[in-house]
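Chains, contacts and geometry: an overview
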Amino acid sequence: MDFKIEHTWDGSPVTHEPVFVRLNPGDGGVMLKVSAPFFNDPPAPLGEPGKPFNELWDYEVVEAFFLNDITEQYLEVELCPHRLEYFKPFNFNTLLGEEWKQPESDLWANRET
């Protein structure tokens, strides 16, 4: 399965070659491959490669989220040209330390424009 990222998180078109993400079956799981331009802007974050780094999204990064709709767990993967930041499953209770439900919102409601 291939994806081409041509827009930023807020919907703006990218001003560079698109990022390509490929998901392939792997031994006992899924292989995620990323091909993206390298800007080194900002330079590599301080910290030990392979260890968690707070606010990695402030750096050059490609993020992927995989949701298990049965267990309500998700896997967040943040890939940076300088490190693999996270590759860990979470659920909302783990993150928030309490029972959590989606708050009511009209954000996704069908609206006439």
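A brief look at the structure comes next. On a predicted model such as this, the values are computed, not experimentally measured, just so you know. (Residues numbered from 1 in each chain as written. Predicted model: local features only at pLDDT ≥ 70, side-chain atom pairs only at ≥ 80, totals over all residues. Heavy atoms only, no water.)

**Some thoughts on the sheet that holds strand β3 (residues 29-35)**
Sheet strands line up and pair through hydrogen bonds in the backbone, either parallel or antiparallel. Rules: Each pair of strands is called paired provided DSSP finds at least two bridges between the two strands. By the criteria applied, helices consist of DSSP H or I runs no shorter than four residues and strands consist of E runs no shorter than two, each listed in order from the N terminus. What counts as an axis is a line fitted to C-alpha atoms, over the stretch in contact for a helix, and the angles between N-to-C directions run from 0 to 180 degrees.
The sheet built from three strands is open, its strands ordered β1-β2-β3 with antiparallel pairing. Two strands in the sheet have a free side with no partner beyond their single neighbour: β1 (2-5) and β3. The mean angle between the axes of side-by-side strands here comes to 20°, regardless of whether they run parallel or antiparallel. Summarising the sheet, strand β2 (residues 19-26) and β3 pair through seven bridges and their orientation is antiparallel. Looking at β3, one finds that G26 is bridged to G29.

**Overview of the side chain of E60**
Just so we agree on the cut-off: The term polar contact refers here to a pair of N or O atoms within 3.5 Å; inside protein, the definition further demands a hydrogen-donor-capable atom paired with an acceptor-capable atom, and it admits residues adjacent in sequence only when both atoms are side-chain atoms. Whether two residues are in contact is decided by their heavy atoms: any pair within 4.5 Å suffices.
If you trace the backbone, E60 turns up in the loop between β3 and β4 (62-68). Polar contacts involving the side chain of E60 include one to the main-chain amide nitrogen of F39, which spans 2.9 Å. Within the structure, the side chain of E60 is placed 2.8 Å from the backbone nitrogen of N40, a separation counted as a polar contact. Leave out the neighbours within four places in its chain, and E60 touches P37, F38, F39, N40, D41, L79, C80 and P81.

**Details of the pairing of β2**
With four bridges joining them, β1 and β2 adopt antiparallel strand pairing. Within β2, the position partnered with I5 by the bridge is V19. Taken together, β2 and the strand that follows it, β3, pair antiparallel across an intervening segment of two residues, in which G28 is found at a positive phi of about 75°.

None of this, on its own, says anything about what the molecule does.
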